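# Chains, contacts and geometry: an overview
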Amino acid sequence: VFPPREYLEPEILGVLRQAGLRSFAEPATFLQAIKQVAASRASFQEQLNLATMLLEELGRLPDFSGWSTSHFTAIGRLDVFPAMQVCPDSMYPKTDEEVYAIGNSNAR
């Protein structure tokens, strides 16, 4: 975590912000970072790693105060985020019979 916990006092954070400290919780900062990844000449793997890191940071936000639909739309237009598996493989049906069983159980 940056800054370290001992620097998380409001007075210290105020000084750090005046010196240029920014947070990914701020939509403009996040958008700037992800646009830089999208425009970079880094290798595909490097872009993938950076985009994944940014997406994970976005997921750690406690809320989206200050974020609007236009911020999410702008992020969605960028072709940098990888498709990520969010469920373990065991959650996906592997055979036609399993798919059929799921479909029939939802019909009840």
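Residues numbered from 1 in each chain as written. Predicted model: local features only at pLDDT ≥ 70, side-chain atom pairs only at ≥ 80, totals over all residues. Heavy atoms only, no water.

For the rest of this paragraph, the subject is the overall build of the protein chain. What the protein chain contains, in helices and strands, is five helices and zero strands. Split into buried and exposed, the 108 residues of the protein chain put 19% on the buried side. Partitioning the contacts of the protein chain with sequence separation of at least 6, the portion at a separation of at least 24 is 51%. Split by element, the accessible area of the protein chain, about 8400 Å² in all, is 56% carbon and sulfur. (Helix = DSSP H or I, 4+ residues; strand = E, 2+ residues; numbered from the N terminus. Buried < 20%, exposed > 50% of the residue type's maximum accessible area, 1.4 Å probe, protein only. Contact = heavy atoms within 4.5 Å. Areas by Shrake-Rupley, 256 points an atom, 1.4 Å probe, with all protein chains shown as cover.)

By secondary structure assignment, the location of Ile34 is in helix H2 (residues 27-39). For Ile34, a relative accessible area of 0% gives the class buried. The spacing of Ile34 and Ala51 is 17 residues in sequence and 7.0 Å in space, taken between C-alpha atoms.

Moving on to the pattern of salt bridges. This structure, assessed with the given rule, holds one salt bridge. As a salt-bridge pair, Arg60 and Glu57 come within 2.6 Å of each other at their nearest N and O atoms. Of this pair, Arg60 and Glu57 both sit in helix H3 (residues 44-60), three residues apart, which is roughly one turn of that helix. A residue is classified by how much of its surface remains accessible, and Glu57, at 26% relative accessible area, is partly exposed. (Salt bridge = Lys/Arg side-chain N within 4 Å of Asp/Glu carboxyl O.)

Attention now moves to the packing of aromatic side chains. Tallying each qualifying case throughout the model produces four aromatic pairs. Relative to Trp67, the ring of Phe64 lies with its centre 5.8 Å away and its plane at 85 degrees, an arrangement referred to as edge-to-face. By relative accessible area, Phe64 is classed as partly exposed at 36%. Here the aromatic residues Phe30, Phe64, Trp67 and Phe72 are joined through ring pairs into a cluster of three or more. (Phe/Tyr/Trp six-rings, centres within 6.5 Å; stacked < 30°, edge-to-face > 60°.)

Our focus in this paragraph is the packing of H2 against helix H4 (residues 69-76). Two numbers describe a pair of packed helices, the interaxial angle and the distance between the axes. For the pair H2 and H4, the least separation of the axes is 10 Å and the interaxial angle reads 10 degrees. Judged on the interaxial angle alone, H4 and H2 are roughly parallel. Side by side, H2 and H4 meet where Pro27, Phe30 and Leu31 of the first sit next to His71, Ala74 and Ile75 of the second. Residues that form the contact of H2 with H4 fall into these classes: five nonpolar, one polar and no charged. (Axes fitted to C-alpha atoms, helices over the stretch in contact; angles between N-to-C directions. Parallel < 35°, antiparallel > 145°, perpendicular 65-115°, else oblique. Nonpolar A, V, L, I, M, F, W, Y, C, P; charged D, E, K, R; others polar.)

Turning to the nonpolar core, a few remarks are in order. One finds Phe30, Ile34, Leu54, Leu58, Trp67, Ile75 and Val80 to be the most contacted residues of the largest nonpolar core, which totals 13 residues. Going through the elements one at a time, H2 and H3 are the ones with two or more residues in this core. If one sorts the elements of this core by residue count, H2 sits on top with five residues. (Core = buried A, V, L, I, M, F, W, Y, C linked by side-chain atoms within 4.5 Å.)

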